[in-house]
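# Coordinate inspection notes
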Amino acid sequence: MLKSFLKFTAVVWIAKTLKPRWKGLLFLFGSILAMLVAHNEYLSYVVITEDHAYLKASYWLKYTSVLLALLIYVMFQELPLRRSKALTEANDNMLRNLDIKEVADGFDFLREKKQLKTHGEQLLDKPEASRISRAQT
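Keep in mind that this is a model prediction, so the values were computed, not measured.

## Topic: the overall build of the protein
Secondary structure assignment for the protein yields six helices and zero strands. Each helix and strand of the protein, placed in order from N terminus to C terminus, yields the pattern α-α-α-α-α-α. Expressed as a percentage of its 137 residues, the buried residues of the protein come to 10%. Pairs at least 24 residues apart make up 48% of the contacts formed inside the protein by residues separated by at least 6 positions. Taken as a whole, the protein presents about 12,300 Å² of accessible surface, with 68% of it coming from carbon and sulfur.

So this is what it looks like as structure tokens:
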């Protein structure tokens, strides 16, 4: 029972974490995979031709490209998520700190009452003369 609950909790947490990030992660992994495939193709070309002139530069280009892809992912995916989360938390804190009585919407007389009366209770509380005059008309 506990094991299945932990599995379910882990799956829900992973799904909740990946939902806003899946497109960016897909782009990141796709671009890194393309870079690795291109570099492996170049390495096989180097083995066939035995031309080692640009081998060092190819490794620099590969790692720089991977770091650049990671930087782009962080800039365009993770930072906006963190900013929106911080803004949401700030808005929630602001709404919690806002005093409801400061809002002048015309219903303050209802907020100050302990209990509101229904229409039937209001009719029963009225004097007998006003109920009779209404019933005759």
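## A word on a nonpolar patch on the surface
A cluster of nonpolar side chains, namely Phe-27, Leu-68, Leu-71, Ile-72, Val-74, Met-75, Phe-76 and Leu-79, defines an oily patch on the protein surface of about 750 Å² accessible area. For the nonpolar patch, the element with the most residues is helix α3 (residues 55-97), which contributes seven residues. Residue placement: Leu-79 occurs in helix α3.

## Observations concerning the packing of aromatic side chains
Per the stated rule, a full pass over the model turns up two aromatic pairs. On the basis of an interplanar angle of 35° and a centroid distance of 6.1 Å, the ring pair of Tyr-42 and Tyr-45 is categorised as tilted. In this pair, Tyr-42 and Tyr-45 are both assigned in helix α2 (residues 22-49), three residues apart and thus about one turn of the helix distant. Taking the centre distance of 6.4 Å and the plane angle of 25° together, the rings of Tyr-59 and Tyr-63 count as stacked. Taken together, the positions of Tyr-59 and Tyr-63, both in helix α3 and four residues apart, correspond to about one turn of that helix.

The rules behind the values
- Residues numbered from 1 in each chain as written.
- Predicted model: local features only at pLDDT ≥ 70, side-chain atom pairs only at ≥ 80, totals over all residues.
- Heavy atoms only, no water.
- Helix = DSSP H or I, 4+ residues; strand = E, 2+ residues; numbered from the N terminus.
- Buried < 20%, exposed > 50% of the residue type's maximum accessible area, 1.4 Å probe, protein only.
- Contact = heavy atoms within 4.5 Å.
- Areas by Shrake-Rupley, 256 points an atom, 1.4 Å probe, with all protein chains shown as cover.
- Patch = residues over 30% accessible without salt bridge, like charges linked within 9 Å, V, L, I, M, F, W, Y side chains within 5 Å.
- Salt bridge = Lys/Arg side-chain N within 4 Å of Asp/Glu carboxyl O.
- Phe/Tyr/Trp six-rings, centres within 6.5 Å; stacked < 30°, edge-to-face > 60°.

Keep in mind these values describe shape, not function.
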